[in-house]
Amino acid sequence: MEPSATRAPVSAAGHESLEVRAHRLVVARRRATAFLAAVTALFLGVTAAGAHGTLLGYVQAGAEAGMVGGIADWFAVTALFRHPLGLPIPHTALLVERKDQFAATLGQFVQENFLNAEVLAERIRAARLVPRLAAWLTDPANAARFAGHAADLVVTVAEALRDEDVQRVLTAELTRAVDTIEVAPLAGRALRIVIAEGQHADLFNAAVTAADRYLGDHYEELRDRFETEAPRWIPDMVYRRVFDRLYHRVRERLTAMAADPDDESRRQFEAWIAGLPDRLETDPELRERGERLKRDVLGSAGLRDWSSTLWQKAKETLRTQAADPDSELRRRLAEALTAAGRRLESDQILADGLERMVESGARSLADQFHDELAGLVTGTIERWDATETSSQLELLLGRDLQFIRINGTVVGAGVGLALHAIALALA
């Protein structure tokens, strides 16, 4: 058996080092052996002197029976761990010879008594897990502490993920979701809502105002472009006056269009936009244009950059929120946990349902994995070295077994005295 597989559990079980256990075992073994030697010496002395008289007869009988009982228990205790006196006596060194059978028996015992669905269900019912959980969650300090651990766990998971993988998943999921939606019909339905709420008039005003603002901000640029495209034979003064006249007339017309609700251009726009939803929903050409636009956007590098930026911002926000005990994330989590605890306390139907779900889950796990877990116990013990396993178990149990030797000597002496008394009475 591997040292780590044997020594650590033995040492941890009694919180004693292996050296201390070995020393105490040696002391206990010497004490039991000395006790047996004393009884043996008493028997030999009385027998050599001649057992004359009633008192010496009792001493001889008690010493003889105690010696036999001590030797028998020494043999029994020794036979558990090794061959007594090194002799290969059958049915000795039991732990060495029967380690694999012990492993199979222990695995079966664990399976039947610990991994049994009925046993687990009974333990869950007796533990009253749901009421205890509800009481624990209603304590704000517990909820806040649990929320902190949950937030840290989320950050740990987020940090463990590769940015490239997350970006790829985000892009793929966004593409998959958007790819199932036709852009043109969706735009048509959205436009119907805009028209039904009368917001198309604001749309016309915004377009006219934007055009007027553009003209006002780009006067010199437009004039220079008009000048470069004018014929060379027209005097500069003429085409400048023509440009200024056209420029101001266009701006005046835009202002009038925005101010007059009955303007002809406005009515034409309203008539055009009123029929646009139907065309977007039914016109194959418009629908194809929308799909081409969608494919161009989904395949663009800008979408990949946007998804990467979105993930980086999400991670940074998670780190900041998780590190701050007073953050919105941790506060909301704590409030949700406290509310869940109160709900479990007040809603008996919900509590019973959760308890049945936990019990059902435990039953399912026991039914599905009890063979594997029992096999884990059996296989682990079977891989241990038999001699090392026996030595470690002797360090764990040997000291108590040495007291069995002493008790065997004492009980044997008592039985010998009783039998001697009975024999004298019958004589």
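The rules we used
- Per chain, residue numbering runs from 1 following the sequence as it is written.
- Selection of residues for local features in this predicted model requires a pLDDT of at least 70, selection of side-chain atom pairs for listing and counting requires 80 or more, and totals for whole chains, interfaces and linings are taken over all residues.
- No hydrogens and no water enter the side-chain calculation; it runs on all heavy atoms of the structure.
- Labels follow the DSSP assignment, with helices taken as runs of H or I lasting at least four residues and strands as runs of E lasting at least two, numbered in each case from the N terminus.
- C-alpha atoms define the radius of gyration, and 2.2 Å times the number of residues to the power 0.38 defines the globule rule.
- Contacts between residues were defined by any pair of non-hydrogen atoms, one from each residue, lying within 4.5 Å.
- Only four residue types enter the charge count, namely Lys and Arg as positive and Asp and Glu as negative; His and the chain termini do not.
- To locate a charge, take atom NZ for lysine, CZ for arginine, CG for aspartate or CD for glutamate.
- Comment: axis = line fitted to C-alpha atoms, over the contacting stretch for helices; angle = value between 0 and 180 degrees taken between N-to-C directions.
- Under this scheme an angle from 65 to 115 degrees is roughly perpendicular, one under 35 degrees roughly parallel, and one over 145 degrees roughly antiparallel; angles in between are oblique.
- Left-handed is the label given to a crossing in which the near helix is rotated counterclockwise from the far helix by less than a right angle, and right-handed is the label when the rotation is clockwise.
- When residue character is reported, Ala, Val, Leu, Ile, Met, Phe, Trp, Tyr, Cys and Pro are called nonpolar, Asp, Glu, Lys and Arg charged, and the others, Gly included, polar.
- Classification of ring pairs uses Phe, Tyr and Trp, with its six-membered ring standing for Trp, and accepts pairs whose centres are within 6.5 Å; under 30 degrees between planes counts as stacked, over 60 as edge-to-face, and the remaining range as tilted.
- Accessibility here uses a 1.4 Å probe with only protein chains present; expressed as a share of the type maximum, an area under 20% marks a residue as buried, one over 50% as exposed, and anything in between as partly exposed.
- Only residues whose relative accessible area exceeds 30% and that form no salt bridge enter a patch; like-charged residues are grouped when within 9 Å of one another, and nonpolar side chains (Val, Leu, Ile, Met, Phe, Trp, Tyr) when within 5 Å.
- In these tables, accessible area is a Shrake-Rupley quantity obtained with a 1.4 Å probe, and a residue counts as shielded only by the protein chains included in the view.
- Salt-bridge detection follows one rule: a side-chain nitrogen of Lys or Arg within 4 Å of a carboxyl oxygen of Asp or Glu.
- Note on scores: pLDDT gives the predictor's confidence for each residue, bounded by 0 and 100.

Caption draft 1: Main features of the overall build of the protein chain. Broken down by element type, the protein chain carries 19 helices and 0 strands. The C-alpha atoms of the protein chain give 47 Å as radius of gyration, which overshoots the globular expectation for 427 residues (22 Å, by more than 25%). A principal-axis box enclosing the C-alpha atoms of the protein chain has dimensions of 160 × 55 × 45 Å. Taking the intrachain contacts of the protein chain between residues at least 6 apart in sequence as the baseline, contacts between residues at least 24 apart amount to 75%. Positive and negative side-chain charges in the protein chain, numbering 51 and 62 respectively, have mean positions lying 2 Å apart.

Caption draft 2: Representation of the packing of helix α3 (residues 54–81) against helix α19 (residues 386–426) in the model. At a minimum axis separation of 6 Å, α3 and α19 run at an interaxial angle of 155°. Here α19 runs roughly antiparallel to α3, going by the angle between their axes. In this structure, α3 meets α19 at a crossing whose hand is right-handed. When its residues are assigned to classes, the contact of α3 with α19 shows 14 nonpolar, 13 polar and 3 charged.

Caption draft 3: Layout of the packing of aromatic side chains. Counted according to the given criterion, the structure contains 2 aromatic pairs. With centroids separated by 6.2 Å and ring planes inclined at 85°, the aromatic side chains of Trp 136 and Phe 146 adopt a geometry described as edge-to-face. In this pair, Trp 136 sits in helix α7 (residues 129–137) while Phe 146 sits in helix α8 (residues 140–160), placing the two residues 10 residues apart along the sequence. A residue is classified by how much of its surface remains accessible, and Phe 146, at 42% relative accessible area, is partly exposed. Ring centres 4.9 Å apart and planes at 65° place the aromatic pair Tyr 219 and Tyr 247 in the edge-to-face group. Taken together, the positions of Tyr 219 in helix α12 (residues 219–229) and Tyr 247 in helix α13 (residues 236–259) put the pair 28 residues apart, joining distant regions of the chain. Assessed through its relative accessible area of 24%, Tyr 219 is described here as partly exposed.

Caption draft 4: A nonpolar patch on the surface, seen in detail. Nonpolar side chains collect at one region of the surface, where Val 411, Val 415, Leu 419, Ile 422 and Leu 426 lie side by side and expose about 520 Å² of accessible area between them. One can find Leu 419 in helix α19.

Caption draft 5: View of the pattern of salt bridges. Counting across every chain of the model gives 12 salt bridges. Here Glu 159 ties to Arg 319 by a salt bridge, and the two come within 2.3 Å at their closest N and O atoms. Separated by 160 residues along the polypeptide, Glu 159 in helix α8 and Arg 319 in helix α16 (residues 301–323) bring together distant segments of the chain. Of the residues examined, Glu 159 reaches a relative accessible area of 39% and is grouped as partly exposed. Residue classification places Arg 319 among the partly exposed positions, given a relative accessible area of 30%. Between Arg 162 and Glu 164 there is a salt bridge, with its nearest N and O atoms 3.8 Å apart. Residues participating in the shared-partner salt-bridge network are Glu 328, Arg 331, Arg 332 and Glu 335.

Caption draft 6: Highlighting the confidence of the model for the protein chain. For the protein chain, per-residue confidence averages 79 on the pLDDT scale, and 91% of positions sit at 70 or higher. Per-element confidence in the protein chain ranges from a low mean pLDDT of 40 for helix α1 (residues 3–14) to a high of 89 for helix α17 (residues 328–346). A low-confidence stretch, residues 1–14 (pLDDT under 50), is modelled with 24 contacts involving residues beyond four sequence positions or located in other chains.

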